[in-house]
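# Overview (structure and organization)
Below, each chain spelled out in residue letters.
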Amino acid sequence: MKKIVLLGYMGCGKSTIAQNLSKTADIPFLDLDKCIEKRADLTINEIFEKHGEIYFRKLEHEMFLELLQSDEEIIIGLGGGTPCYANNHELLQREDVVSIYLKASIDTLYNRLIHNKSKRPLIANMDEEEMREFIAKHLFDRSFYYNHAQYKLPVDGKSVEETVQEILDILA
Ligand SMILES: Nc1ncnc2c1ncn2[C@@H]1O[C@H](COP(=O)(O)OP(=O)(O)O)[C@@H](O)[C@H]1O
Ligand SMILES: O=C(O)C1=C[C@@H](OP(=O)(O)O)[C@@H](O)[C@H](O)C1
Ligand SMILES: [Mg+2]
């Protein structure tokens, strides 16, 4: 069965859209970060603090591979960095995967992330000025990996419901 994989930068809406799509389409969903937290019995912040980012990326890769082994149809919301490490971007092109890049502009990401940074260790300690520059550069660096998705879905100015409907259209 196909795995529907949502990817994109922090704040683009992967977790929110995966949950809503799951309800609307009646397909179970798993958030990769939540699975990692459960496995490690630590929050994402604690994993970064106690073990560092390299350890997190290792867990992230292992957990992603594990979720892709599922025989069920599932929706997987990735973390923002998932496609950018351990050749995970190649997994986006598997035949049993439908990968969708939720493509948001720097402005959209910035406006969401300024209110929502405490649980994201990469940006938690940045001030607003720093964060804007960081997002711009980081998004540019990561776009190469995000563009390996089978579908690119612009999400700026769209409600959760509109984005969910556009994903349903892709899946139809
Ligand atoms: N149209 C929208 N689509 C998705 N998320 C939105 C939208 N408008 C506001 N948000 C908010 O933006 C944030 C997106 O965060 P999240 O779903 O955790 O993204 P990600 O998992 O990609 O980091 C949430 O707080 C969500 O409520
Ligand atoms: O972009 C990243 O490298 C990360 C994104 C986060 O997920 P969200 O994109 O869901 O915030 C989480 O996996 C971790 O904080 C690292
Ligand atoms: Mg998320």
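All figures in this text were calculated on a predicted structure; none of them were measured in a lab.

Parameters and conventions
- Residues numbered from 1 in each chain as written.
- Chains lettered and ligands numbered in written order.
- Predicted model: local features only at pLDDT ≥ 70, side-chain atom pairs only at ≥ 80, totals over all residues.
- Heavy atoms only, no water.
- Core = buried A, V, L, I, M, F, W, Y, C linked by side-chain atoms within 4.5 Å.
- Buried < 20%, exposed > 50% of the residue type's maximum accessible area, 1.4 Å probe, protein only.
- Contact = heavy atoms within 4.5 Å.
- Pairing = 2+ DSSP bridges.
- Helix = DSSP H or I, 4+ residues; strand = E, 2+ residues; numbered from the N terminus.
- Axes fitted to C-alpha atoms, helices over the stretch in contact; angles between N-to-C directions.
- UniProt positions renumbered as here; feature names shortened; annotations may be inferred.
- 1 Å grid on protein atoms, 1.4 Å probe; cavity = no way out; pocket = protein on both sides within 12 Å on 5 of 7 lines; lining within 4 Å.
- Near = heavy atom within 4 Å.
- Polar contact = N/O pair within 3.5 Å; in protein donor to acceptor, adjacent residues only side chain to side chain.
- Areas by Shrake-Rupley, 256 points an atom, 1.4 Å probe, with all protein chains shown as cover.
- Sits in = over half its atoms within 2 Å of the grid points.
- Nonpolar A, V, L, I, M, F, W, Y, C, P; charged D, E, K, R; others polar.

### Some details on the nonpolar core
Residues L6 and L102 are the most contacted members of the largest nonpolar core, which totals 51 residues. Residues in contact with L6, not counting those within four places in the same chain, are K14, I17, A18, I75, I76, G77, L78, I100, L102 and I167.

### Notes on the sheet that holds strand β3 (residues 74-77)
Sheet architecture is open: five strands sit in the order β2-β3-β1-β4-β5, paired in parallel fashion. Each edge of the open sheet is held by one strand with a lone partner, namely β2 (29-31) and β5 (151-154). Neighbour to neighbour, the strand axes of the sheet diverge by 20 degrees on average, direction disregarded. Note: strand β4 (residues 97-103) against β5, four bridges, orientation parallel. Paired with I100 across the strands is Y151, a residue of β5. Each of β1 (3-7), β2, β3 and β4 is contacted by helix α1 (residues 14-25), which is oriented at about 150 degrees to β1, the strand it contacts most. Across the sheet, helix α8 (residues 160-171) touches β1, β4 and β5, and the angle it forms with β4 is around 150 degrees.

### Details of the UniProt feature "binding site: substrate" (unreviewed entry) in the protein
As recorded in UniProt, the sites labelled "binding site: substrate" (unreviewed entry) are D33, R57, G80 and R142. Set against the largest pocket, the annotated residues named above that line it are D33, R57, G80 and R142. Looking at where D33 falls in the secondary structure, it is placed in helix α2 (residues 32-40). With a relative accessible area of 22%, D33 lands in the partly exposed category. Turning to its location among the elements, R142 is positioned in helix α7 (residues 128-146). R142 gets classed as buried once you look at its relative accessible area, which sits at 4%. Apart from the residues within four sequence positions on either side, R142 is in contact with Y9, R57, G80, G81, C84, Y85 and L122.

### Remarks on the site of ligand 2
Residues in contact with ligand 2 amount to 13 residues; listed here are only the nearest, K14, D33, R57, R120 and R142. G80 places a polar main-chain atom, nitrogen or oxygen, 2.8 Å from an oxygen atom of ligand 2. Computed on the free molecule, ligand 2 has an accessible area of 390 Å², of which 96% lies beneath the protein chains in the complex. Assessed atom by atom at 2 Å from the grid points, ligand 2 resides in the largest pocket. Classifying every residue of the shell around ligand 2 gives five nonpolar, three polar and five charged.

### Comments concerning the site of ligand 1
In the vicinity of ligand 1 lie 14 residues, with G11, K14, T16, R120 and K158 positioned nearest. Here an oxygen atom of ligand 1 sits 3.4 Å away from a polar atom, N or O, in the main chain of C12. Its atoms largely coinciding with the cavity grid, ligand 1 occupies the largest pocket. It is α1 that provides the largest number of residues to the shell around ligand 1, a total of three residues. In terms of residue class, the shell around ligand 1 is built from four nonpolar, six polar and four charged.

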